[in-house]
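Chain and residue survey
Listed below, chain by chain, are the residues.
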Amino acid sequence: MPATDVGDPQYFHKVVDCQWACPAHTPVPEYIRLIAQRRFTDAYMLNWESNVFPGILGRVCDRPCEPACRRGRIEDKPVAICRLKRVAADYRDDITDRLPAIPTEGNGKRVALLGAGPASLTVARDLLPLGYSCTLYDKDPKAGGLMRTNIPSFRLPEKVLDEEVYRIVDFGVEARFGQEITSLKALLEEDYDAVFIGTGAPKGKDLSLPGRKEASDKIQIGITFLTSVAFGHVKKVGKRVVVIGGGNTAMDCCRTALRLGGEDVRVTVRSPRKDMKASDWEIEEAEQEGIPIYDNHSPKAFVHENGKFKGVLFEIMQAEYDDDGKRKLVSTGEEVLFECDDVLMAIGQDNAFDWIERDLGLEFETWGMPTVDTTTLMSTLPG
Ligand code: SF4
């Protein structure tokens with residue numbers, strides 16, 4: 001058996017469960033030790049190196065590190081890893097002199113970054129200090145991507161978001177905000193040395209149910225609603241709001257609706273509550289604000305009466321499990337109508353690559369995803 005190589009970072013990743021569980025492999029124990037020594041700026045910079053947005057993540061990360069925390073095996077709760085990141089961010093000093101120097105002379109290479117969310121911003125953060133020229137495109141007027149458009153400001157204050165996002169933009173990104181790329185072919189004609197596609201999953205799913213078309217002015221797709229609120233296009237909702245969906249977007253939608261005039265705001269989920277996709281703490285916060293969650297409610301139709309939208313008809317489901325524990329939702333035959341003024345649909349998101357022409361030499365898989373190298377994420381069209 002080969003000797004343990006403690007010089008290999010993978011070794012530490014595997015033995016430090018929380019660090020391994022974090023998608024950015026943030027060195028959790030190390031930064032918590034720094035916080036214990038009140039070295040908040042050092043703790044912040046350690047985070048910044050690996051996860052780029054410590055102040056943002058310290059508020060809104062989905063915290064896959066915490067279920068992995070070994071403390072959870074002997075106590076009820078894990079170490080509050082996520083919130084400790086916020087502690088480092090809130091108590092740190094000015095970090096300007098710790099940021100990487102940006103060369104005044106570039107290396108002559110031009111890179112286009114599509115989508116000004118965390119992925120492209122991270123690429124810009126890493127490439128600008130190496131002398132690359134980075135052009136960042138986004139259809140929205142400001143950078144931040146879904147962090148800005150889909151996370152409500154009561155969870156992520158704009159000041160925190162702007163500080164960490166614009167720190168990178170100000171490294172010298174050439175910003176093309178408010179410019180949507182509708183053709184990869186046209187972009188490739190601009191002769192960039194590389195194109196990075198960091199557009200995320202920007203298309204909210206819809207439900208094609210009876211009455212959907214007639215109720216179109218009463219139904220909003222969750223992420224579109226949150227974006228409209230973020231940019232001030234939607235300022236109020238009706239008093240009675242039904243949210244369809246049980247993920248974190250549904251939790252953001254219901255809590256936002258409450259702040260925009262909703263008085264009777266309900267969340268409805270098809271599955272049993274224990275199978276809801278939203279994080280426990282997101283559900284807890286919604287419930288603390290008085291929002292009820294109706295599980296086993298499957299939407300069946302959007303109901304109208306005398307040409308007026310009345311509400312959503314639900315079929316009550318129950319979960320049945322086969323011998324392998326596989327779940328099947330079956331109707332109980334019972335139905336219930338939730339009368340409402342507005343419906344917010346937060347049932348998931350899809351990729352949207354319809355702007356990539358299919359004759360460019362870029363291969364696609366099922367679900368319309370470009371084929372990529374699993375290690376480098378390079379598409380089949382080099383560059
Ligand atoms: S809170 Fe998020 S970014 Fe921080 S260590 Fe956990 S998973 Fe990683």
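Residues numbered from 1 in each chain as written. Predicted model: local features only at pLDDT ≥ 70, side-chain atom pairs only at ≥ 80, totals over all residues. Heavy atoms only, no water.

Attention now moves to the sheet that holds strand 9 (residues 293-294). Strand order in the open sheet formed by five strands is 6-13-7-8-9, and the pairing between neighbours is parallel. Where the open sheet ends on each side, the last strands, each with one partner, are strand 6 (219-221) and strand 9. The sheet contact formed by strand 7 (residues 240-244) and strand 8 (residues 264-268) spans five bridges and is parallel. Bridge pairing in strand 8 links Val 243 to Val 267. Lying over the sheet, helix 13 (residues 222-230) contacts strand 6 and strand 13 (342-345), oriented at roughly 85° with respect to strand 6. Strands strand 7, strand 8 and strand 13 of the sheet are contacted by helix 14 (residues 248-259), whose axis makes an angle of about 175° with strand 8. (Pairing = 2+ DSSP bridges. Helix = DSSP H or I, 4+ residues; strand = E, 2+ residues; numbered from the N terminus. Contact = heavy atoms within 4.5 Å. Axes fitted to C-alpha atoms, helices over the stretch in contact; angles between N-to-C directions.)

Under the defined criterion, the tally for this structure stands at 32 salt bridges. Two residues, Arg 125 and Asp 126, come together in a salt bridge whose shortest N-O distance is 2.9 Å. According to the relative accessible area criterion, Arg 125 is buried, its value standing at 8%. By relative accessible area, Asp 126 is classed as partly exposed at 38%. Across the salt bridge formed by Asp 341 and Arg 240, the nearest N and O atoms sit 2.9 Å from each other. Of the two residues, Asp 341 is situated in the loop between strand 12 (327-339) and strand 13 and Arg 240 in strand 7; the sequence distance between them amounts to 101 residues. Taking relative accessible area as the criterion, Asp 341 reaches 25% and is therefore assigned partly exposed. The exposure class assigned to Arg 240 is partly exposed, which follows from its relative accessible area of 29%. (Salt bridge = Lys/Arg side-chain N within 4 Å of Asp/Glu carboxyl O. Buried < 20%, exposed > 50% of the residue type's maximum accessible area, 1.4 Å probe, protein only.)

Turning to the domain arrangement of the chain, a few remarks are in order. Domains assigned within the chain are domain 1 (9-97), domain 2 (99-200 + 351-368) and domain 3 (204-349). Listed as interface residues are 15 residues of domain 1 and, on the opposing side, 19 residues of domain 2. A buried area of about 1,400 Å², summed over both sides, lies between domain 1 and domain 2, and 63% of it is on carbon and sulfur atoms. The largest per-residue losses of area from domain 1 upon contact with domain 2 belong to Trp 48, Phe 53 and Ile 56, which jointly make up 43% of the total buried on that side. (Domains from an automatic or database assignment. Buried area = accessible area lost by both parts, 1.4 Å probe.)

Once that is clear, we can look at the packing of helix 4 (residues 40-51) against helix 8 (residues 81-91). One can describe the packing of helix 4 onto helix 8 by two numbers: an axis separation of 8 Å at closest approach and a directional angle of 120°. As the angle between them shows, helix 4 and helix 8 are arranged oblique. Judged by the twist between their axes, the crossing of helix 4 over helix 8 is left-handed. Contacts between helix 4 and helix 8 involve Phe 40, Ala 43, Tyr 44, Asn 47 and Asn 51 from the former and Lys 85, Val 87, Ala 88, Ala 89 and Tyr 91 from the latter. A class-by-class count of the residues in the contact of helix 4 with helix 8 yields seven nonpolar, two polar and one charged. (Parallel < 35°, antiparallel > 145°, perpendicular 65-115°, else oblique. Left-handed = near helix turned anticlockwise from the far one by under 90°. Nonpolar A, V, L, I, M, F, W, Y, C, P; charged D, E, K, R; others polar.)

Turning to the sheet that holds strand 11 (residues 308-321), a few remarks are in order. Strand pairing in a sheet is mediated by backbone hydrogen bonds. Such pairs are either parallel or antiparallel. Here three strands make up an open sheet; going across it, the order is 10-11-12 and the pairing antiparallel. This sheet does not close on itself; its edge strands, each paired only once, are strand 10 (297-305) and strand 12. Strand-to-strand, the axes of this sheet are offset by a mean angle of 20°, without reference to chain direction. Examined bridge by bridge, strand 10 and strand 11 share eight bridges and lie antiparallel to one another. When the bridges of strand 11 are listed, His 304 appears paired with Phe 309.

Nonpolar side chains in soluble globular proteins tend to end up buried together. Among the nonpolar cores identified, the biggest contains 45 residues, and Ile 56, Leu 121 and Val 165 are the most heavily contacted of them. Those elements that place two or more of their residues in this core are helix 3 (28-36), helix 4, helix 5 (54-60), helix 8, strand 1 (110-114), helix 9 (118-127), strand 2 (133-138) and helix 11 (158-169). Each of domain 1 (9-97) and domain 2 (99-200 + 351-368) gives at least three residues to this core. Among residues more than four places away in sequence, those in contact with Ile 56 are Cys 61, Met 147, Leu 156, Val 160, Leu 161, Glu 164 and Val 165. Residues Phe 225, Ile 293, Leu 344 and Ala 346 belong to the second largest nonpolar core, which totals 23 residues. (Core = buried A, V, L, I, M, F, W, Y, C linked by side-chain atoms within 4.5 Å.)

What follows deals with the layout of surface pockets. Put simply, the second largest pocket is a space of about 850 Å³. Around the second largest pocket, the lining comprises 29 residues; the ones closest to its centre are Val 195, Phe 196, Ile 197, Leu 377 and Ser 379. Secondary structure elements with two or more residues in the lining of the second largest pocket: helix 9, helix 12 (184-188) and strand 4 (194-197). Of the residues that constitute the lining of the second largest pocket, the class distribution is 20 nonpolar, seven polar and two charged. (1 Å grid on protein atoms, 1.4 Å probe; cavity = no way out; pocket = protein on both sides within 12 Å on 5 of 7 lines; lining within 4 Å. Points joined across faces, edges and corners; volume = space filled by probe spheres on them.)

All of the buried residues in helix 15 (residues 280-288) are Glu 282, Ile 283 and Ala 286. Considered in projection along helix 15, the buried side chains sweep an arc of 100° and stay on one side of the axis. Exposed and facing more than 90 degrees away from the buried side of helix 15 are Asp 280 and Gln 288. Structurally, helix 15 contributes buried residues whose contacts are with helix 14 and strand 9. Directly after helix 15, the chain includes Gly 290, whose backbone phi takes a positive value near 90°. (Arc of directions from axis to C-beta.)

Right, let's talk about the packing of aromatic side chains for a bit. For any two aromatic rings, the description comes down to two numbers: the centre-to-centre distance and the angle of the planes. Counted according to the given criterion, the structure contains four aromatic pairs. Note on Phe 40 and Tyr 91: the rings are 5.2 Å apart at their centroids and 35° apart in plane angle, and the pair reads as tilted. Highlighted residues: Phe 40 in helix 4 and Tyr 91 in helix 8, separated in sequence by 51 residues. For the ring pair Tyr 294 and Phe 338, a centre distance of 4.8 Å and an interplane angle of 65° mean the geometry is edge-to-face. Linking Tyr 294 in strand 9 with Phe 338 in strand 12, this pair joins segments that are 44 residues apart in sequence. In this structure an aromatic cluster arises from ring pairing among Tyr 294, Phe 314 and Phe 338. (Phe/Tyr/Trp six-rings, centres within 6.5 Å; stacked < 30°, edge-to-face > 60°.)

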